[in-house]
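Listed below are the residues making up each chain.
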Amino acid sequence: MAIKILLFGDIGIDDIVALIYGALHDEIEIVGVVADYGNIPRKNAMASVQYLHDLFNQSDQIPIFEGAELPMTGENPTYYPEIHGEYGLGPIIPEQEYSGKGENFMEIAKVIEAHGNDLIIVSIGRLTSLATMFIHYKSLMNSVKACYVMGGAFWVPGNVTPVSEANFHADPVAAKVVVTHARNLTIIPLNVTERAIVNQEMVDYIAGIGKAKILKPVLDYYYAFYKKRNPAAPGSPVHDALTIMAPLHPEMLTYQSLPVYIVQAKDGMERGHSIADIRPYATFSDTEKKHRIAFDLDYRLFFSHFMSTMTGERF
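Structural notes, computed from the coordinates. (Residues numbered from 1 in each chain as written. Predicted model: local features only at pLDDT ≥ 70, side-chain atom pairs only at ≥ 80, totals over all residues. Heavy atoms only, no water.)

Glancing now at the overall build of the protein chain. Of the regular secondary structure elements, the protein chain holds 13 helices and 11 strands. Considering only C-alpha atoms, the protein chain reaches an extent of 55 × 45 × 40 Å along its principal axes. When burial is assessed residue by residue, the protein chain has 57% of its 315 residues classed as buried. Put simply, of all contacts in the protein chain between residues at least 6 apart along the chain, 81% involve residues at least 24 apart. As displayed, the protein chain offers around 13400 Å² of accessible surface, 51% of which is attributable to carbon and sulfur atoms. Charged side chains in the protein chain number 25 positive and 36 negative. The centres of these two groups are separated by 4 Å. (Helix = DSSP H or I, 4+ residues; strand = E, 2+ residues; numbered from the N terminus. Buried < 20%, exposed > 50% of the residue type's maximum accessible area, 1.4 Å probe, protein only. Contact = heavy atoms within 4.5 Å. Areas by Shrake-Rupley, 256 points an atom, 1.4 Å probe, with all protein chains shown as cover. Lys, Arg positive; Asp, Glu negative; His and termini not counted. Charge placed at Lys NZ, Arg CZ, Asp CG, Glu CD.)

Below you can see the structure in the form of structure tokens.
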């Protein structure tokens, strides 16, 4: 039986790769997509998800919900077209703009009620919409089977500041809400996602099969950014694809359960810094939770699962 996933995303290229992976995998059923601001404005994110659903003949099957336009900090978001393209699709511009007919945000509760303990929430973008759901429906949110969040960097470099990862940095208030109130939360940080590399040989082979539509132009665009930033870059890290793969393949990652804190600084390099407490003698209050954090990746298994799904061949 396929696992049921409600996906929250800020629709950059790695979100698109995750959605393609979900569309092609027989054991994943995406039951809804919440499109947020983040890598691109929300209206562009809505248009991009609709474009992808049309491309994979899913338009009448998967509702698209209007997520957050702004972070809980009240700031105007920073977008990254130089990394992800204007629509999070690299060089691709959808022919149709967002029609304004997405599902109302509060209707997300009905999806959760319908699937209950069979549902897994996967958050691969800024955490504003996910936190909003916890603020409105804490008990309902904790009725789901599990919640997987791509975010954070633990004792490894961040990708926005020296210590902070983009999703936590963009809205540290929302990140704190989630780590404070979520039950059965798994965090997939840069520690492992930076190692989920798809190189050009993989991209070209997948493109030759033709099953994973548009994967090559979007990942070529993505890799051009990484190559410019670091000429030695071996390929593109598909942070969000790894996160949607994680519920299906627990053997692919190694985890520890630790208390997590999110630095709430308004600005500065420490804003959004994720800290895990590893002190063996520390004591914690009843309100503090330990969350499962991925610290190691078996790349061989990642390669096998990713290539098998994207090509339909066995690797």
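Resuming the write-up.
The full count for this structure, using the stated rule, is 10 salt bridges. Across the salt bridge formed by R42 and E69, the nearest N and O atoms sit 3.5 Å from each other. With R42 in helix α2 (residues 42-55) and E69 in the loop between β3 (64-66) and α3 (81-84), the pair connects residues that are 27 residues apart, well separated along the chain. Bridged by salt links that share partners, the residues D204, K216 and D220 form one connected network. (Salt bridge = Lys/Arg side-chain N within 4 Å of Asp/Glu carboxyl O.)

Turning our eyes to something else, we now look at the packing of helix α1 (residues 13-24) against helix α13 (residues 299-311). Orientation of α1 relative to α13, taken along the N-to-C sense of each, is 65°, at an axis distance of 9 Å. Judged by the angle between their axes, α1 and α13 are roughly perpendicular. Relative to α13, the crossing made by α1 is left-handed. Between α1 and α13, the residues in contact are V17, I20, Y21 and L24 and H305, F306, T309 and M310, respectively. In terms of residue class, the contact of α1 with α13 is made up of six nonpolar, two polar and no charged. (Axes fitted to C-alpha atoms, helices over the stretch in contact; angles between N-to-C directions. Parallel < 35°, antiparallel > 145°, perpendicular 65-115°, else oblique. Left-handed = near helix turned anticlockwise from the far one by under 90°. Nonpolar A, V, L, I, M, F, W, Y, C, P; charged D, E, K, R; others polar.)

As a further point, take the pairing of strand β5 (residues 146-150). Counting buried positions along β5 yields five of five residues, so the element is predominantly enclosed. On β5, burial covers both faces: A146, Y148 and M150 on one face and C147 and V149 on the other are all buried. Two elements, β5 and strand β6 (residues 185-188), share four bridges in a ladder whose sense is parallel. Bridge pairing links C147 to L185 in β6. (Pairing = 2+ DSSP bridges.)

With that settled, consider the sheet that holds strand β9 (residues 253-262). Strand order in the open sheet formed by nine strands is β3-β2-β1-β4-β5-β6-β11-β9-β10, and the pairing between neighbours is mixed. Of all the strands in the sheet, just β3 and β10 (274-276) have a single pairing partner and so form its edges. Ignoring which end each strand starts from, the neighbouring axes of this sheet average 30° apart. Pairing between strand β2 (residues 28-35) and β3: three bridges, direction parallel. Its bridge partner lying in β3, V33 is registered against I64. Lying over the sheet, helix α8 (residues 172-181) contacts β5, β6, β9 and β11 (290-297), oriented at roughly 115° with respect to β9.

Looking now at the side chain of S123. Residue position: S123 is located in strand β4 (residues 119-123). Each residue touching S123, except ones within four places of it in the same chain, is listed here: F8, L130, Y148, V149, M150 and T243.

This brings us to the packing of helix α10 (residues 200-209) against α13. The N-to-C vectors of α10 and α13 enclose an angle of 25°; their axes lie 9 Å apart at closest approach. In terms of orientation, α10 and α13 fall into the roughly parallel class. In the packing of α10 onto α13, the handedness of the crossing is right-handed. On the side of α10, the interface is formed by M202, Y205, I206 and I209, while α13 contributes Y299, F303, F306, M307, M310 and T311. Residue composition of the contact of α10 with α13, by class: nine nonpolar, one polar and no charged.

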